[in-house]
Amino acid sequence: MFKLNRYTGVLFAFATLIGFTATSPAAAKPYKAAEIYSKQTYKYGRYEMRMRVAKGSGVLSTFFTYKNGSEQPGVFWEEIDIEIFGKNNATQWQSNVIIGTNRPTTKTEGVHTTPFSMGDGYHTYVLEWTPNYIAWYVDGTQTRRITGGQFVTSLTSPQDLRFNLWAANIAEWVGPWNDSILPVYQFVNYIEYKPYVAATNSFGTGWRDDFNSFDTNRWNKANWTFGENLADFDPNNVVVKNGTLVLALTREGQTGYTGTPPVDGGTSGGGSSSSAPATSITIQAESFNEVGGSVTVSGGTVGYIDAGEWFKYNNVNIPQTGTYKVEYRVASALTTAQFTLDRNGVGLGTISVPNTGGWGTYQTISHNIYLNAGVQSLAIYANSGGFNIDWIKLTKI
C-alpha cells in the first residue's frame, strides 16, 4: 500500500513488490482515483464494513489501517490490509500486515479466493485487531487469524483508517492494466468501529458511519499520487449518494459519479445484490460483549465454562422473523454438559453437548429456534458446565 505523510508534506511511496519511491501531489496523470482517510487514529478494535468492490484487471479496492509517517526512512512501518483484487472477476483478496524499519519491509501476505465475485454484490468485511491476535472475516466466516508473534506484538501505535480505489502498474500482482474498463467504482454502505475492551476481552461501544453525508469531522479526501499508482487521487472522485460512499476510478476530465449506487439488500453470500436479506449469521464465541463468571478465552474459543456462567452478544441483527437452525461448534470430554440460548433473560432453547472425544476435538451440534426480526442480545447460559465453544451460526430455514 502507498501512503502520504500529510504532516510534514514530504511524500513517499512504498511498493509492496518494488521498493521505496518518491511521489508527488496529484496533478498530471491521465487517470483519477479516490481515497479517504480518518482524521483520528485508532488502535485495537473491531472494524466492520459493507462493500461492493470494483472489477477489472489492474484495480484494487481496499480498506486498511496505517500508522501515519510509516513511509519515512528509518520509521517503523505499521499497517493492516484488506485489499480486494479486481482481476479474475474480483474473486480474490489479500490480507496483510506490514511492519519493520528496514526497506523493503516485512510482510505476511495471504491471498484468499471466494466462490463468488465480490464485485457483484455487497459483502461484509471484518478486521479484528487485539493485543493477542489479528483476524479477517468475510460474511461472518473467519478467513485468516494470526495469533501472537511479531505481526501482532509489533503493532503498538494508533493508526488512521483508509479506503481507497486505485490502479497499480504491478501486473504480476494485480494483473495488466486496460483502461477500457473505466469508469469503475467501489461502494461502501457503512463502517462500524468497536474498541477493544481488555478487561472483558471483548469489543465495546464505538461509532458507525452510514455515509448519509460526508462527515468532514471524521474524514479527509486524498489529493496525491505515487509512482506505482497509474492514477492521481482526486477529491472529486469521492462522492456520497443515497447513503453510500462511492470511490471512483475514471479518466481525467470525467471525475465524479452521477449514477445511482446499487442497493445493499443485505445478502451475506453468493454475490447477489438483490433485495433478499441475509439468511445466515456467524458469531465468533470469543467476541462476547458481557460475561458472567470466569470463562477463559484462548485460541479463538471460550472454555472452562462452569454451571451458571454466561456470555452475551449484544446488537445481533436478526434479518427476518422465523425459524433458524442454530449451530454451535463445541468440544467436551464429558457427557453432562448442557447450555441454553437466552434472549434478554428468556430461554429460547436448551441443547446438550456430547462427549466429542476431548477438549480439543470439536464437532457441530444444532437445534431449531424461532426468532423475531430486529436487533437483540443473545447469550449462552451454562446449565451444567464442562464444554468449549468456538462459534455460533444462525441460518434461517
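For clarity, every value in this text was computed on a predicted model and none was experimentally measured.

1. What to know about the packing of aromatic side chains
Stage number 1. On inspection of all chains with the given rule, the structure shows 25 aromatic pairs.
Stage number 2. Seen from their ring centres, tyrosine 47 and phenylalanine 63 are 6.3 Å apart, and the 40° between their planes marks the pair as tilted. Here tyrosine 47, found in strand E4 (residues 45–52), pairs with phenylalanine 63, found in strand E5 (residues 59–66); they are 16 residues apart in sequence, far enough to count as distant.
Stage number 3. Each member of the aromatic cluster is reached from another via a ring pair, and the members are Tyr42, Tyr47, Phe63, Phe163, Tyr193, Trp207, Phe211 and Trp219.

2. Details of the pattern of salt bridges
Stage number 1. In the structure shown here, the tally under the stated rule is 14 salt bridges.
Stage number 2. Note that lysine 67 is salt-bridged to glutamate 78, the shortest N-O span being 3.5 Å. Pair noted here: lysine 67 is in the loop between E5 and strand E6 (77–85) and glutamate 78 is in strand E6, with a separation of eleven residues, a long-range link.
Stage number 3. When the shortest N-O distance is used, the salt bridge between aspartate 209 and arginine 218 registers 3.5 Å.
Stage number 4. On the basis of relative accessible area, arginine 218 is assigned to the buried category, the value being 18%.
Stage number 5. Connected via shared salt-bridge partners are Glu35, Asp160 and Arg162.

3. Describing the layout of surface pockets
Stage number 1. Here the largest pocket is characterised by a volume of approximately 950 Å³.
Stage number 2. In terms of lining, the largest pocket is formed by 33 residues, of which the most central are Arg46, Glu48, Ile281, Asn315 and Asn317.
Stage number 3. Secondary-structure elements contributing two or more residues to the lining of the largest pocket are E4, strand E10 (123–129), strand E14 (184–197), strand E21 (280–284) and strand E25 (310–318).
Stage number 4. The residue inventory of the lining of the largest pocket, partitioned by class, reads eleven nonpolar, 13 polar and nine charged.
Stage number 5. Here the second largest pocket is characterised by a volume of approximately 380 Å³.
Stage number 6. Counting only elements with at least two residues in the lining of the second largest pocket, the list comes to strand E9 (110–113), strand E12 (141–147), E21 and strand E31 (388–396).
Stage number 7. For the lining of the second largest pocket, a count of residues per class yields six nonpolar, 14 polar and five charged.

4. What to know about the side chain of threonine 225
Stage number 1. Considering the arrangement of structural elements, one finds threonine 225 in the loop between strand E17 (219–221) and strand E18 (231–233).
Stage number 2. Classification of threonine 225 as buried rests on a relative accessible area of 2%.
Stage number 3. Polar side-chain contacts of threonine 225 include one of 2.9 Å to the side chain of lysine 29.
Stage number 4. In this structure the side chain of threonine 225 is engaged in a polar contact, spanning 2.8 Å, whose partner is the backbone oxygen of alanine 231.

5. Focus: the confidence of the model for the chain
Stage number 1. For the chain, the average pLDDT comes to 88, and 90% of its residues sit at 70 or higher.
Stage number 2. Across residues 1–23 the pLDDT falls below 50, and counting only partners more than four positions away or on other chains, this stretch makes 90 contacts in the model.
Stage number 3. Residue range residues 267–278 is modelled with pLDDT below 50. Its contacts to residues more than four positions away, or to other chains, number 37 contacts.

6. Brief notes about the environment of leucine 60
Stage number 1. Structurally, the position occupied by leucine 60 is in strand E5.
Stage number 2. Beyond its immediate sequence surroundings of up to four residues, leucine 60 is in contact with Glu83, Ile84, Phe85, Asn164, Leu165, Trp166, Trp173 and Val174.

7. Here's the deal with the environment of glutamate 71
Stage number 1. Among the secondary structure elements, glutamate 71 is positioned in the loop between E5 and E6.
Stage number 2. For the pair glutamate 71 and threonine 101, spaced 30 residues apart in the sequence, the C-alpha separation amounts to 9.5 Å.
Stage number 3. For glutamate 71, the side chain forms a polar contact with the side chain of tyrosine 66, separated by 2.2 Å.

8. Regarding the sheet that holds strand E22 (residues 290–292)
Stage number 1. Read from one edge to the other, the open sheet built from five strands follows the order E22-E25-E30-E27-E28, with strand pairing classed as antiparallel. The open sheet terminates on both sides in strands that have one partner only, identified here as E22 and strand E28 (346–352). Each neighbouring strand pair of the sheet contributes to a mean axis angle of 25°, computed without reference to strand direction.
Stage number 2. Bridge analysis of E25 against strand E30 (residues 374–384) gives seven bridges, and the strand direction is antiparallel. The residue of E30 that forms the bridge with tyrosine 313 is leucine 378.

9. A word on unusual backbone geometry
Stage number 1. The omega torsion across arginine 103 and proline 104 is 5°, close enough to zero to call that bond cis.
Stage number 2. Along the chain, proline 104 falls in the loop between strand E7 (92–100) and strand E8 (106–107).
Stage number 3. Here the residue pair leucine 182 and proline 183 is connected by a cis peptide bond, since its omega of -5° sits within 30 degrees of zero.
Stage number 4. In this model, asparagine 88 sits at a positive phi of 55°, which is unusual for a non-glycine residue.

Criteria and cut-off values
- Residues numbered from 1 in each chain as written.
- Predicted model: local features only at pLDDT ≥ 70, side-chain atom pairs only at ≥ 80, totals over all residues.
- Heavy atoms only, no water.
- Phe/Tyr/Trp six-rings, centres within 6.5 Å; stacked < 30°, edge-to-face > 60°.
- Helix = DSSP H or I, 4+ residues; strand = E, 2+ residues; numbered from the N terminus.
- Salt bridge = Lys/Arg side-chain N within 4 Å of Asp/Glu carboxyl O.
- Buried < 20%, exposed > 50% of the residue type's maximum accessible area, 1.4 Å probe, protein only.
- 1 Å grid on protein atoms, 1.4 Å probe; cavity = no way out; pocket = protein on both sides within 12 Å on 5 of 7 lines; lining within 4 Å.
- Points joined across faces, edges and corners; volume = space filled by probe spheres on them.
- Nonpolar A, V, L, I, M, F, W, Y, C, P; charged D, E, K, R; others polar.
- Polar contact = N/O pair within 3.5 Å; in protein donor to acceptor, adjacent residues only side chain to side chain.
- pLDDT = per-residue confidence, 0-100.
- Contact = heavy atoms within 4.5 Å.
- Pairing = 2+ DSSP bridges.
- Axes fitted to C-alpha atoms, helices over the stretch in contact; angles between N-to-C directions.

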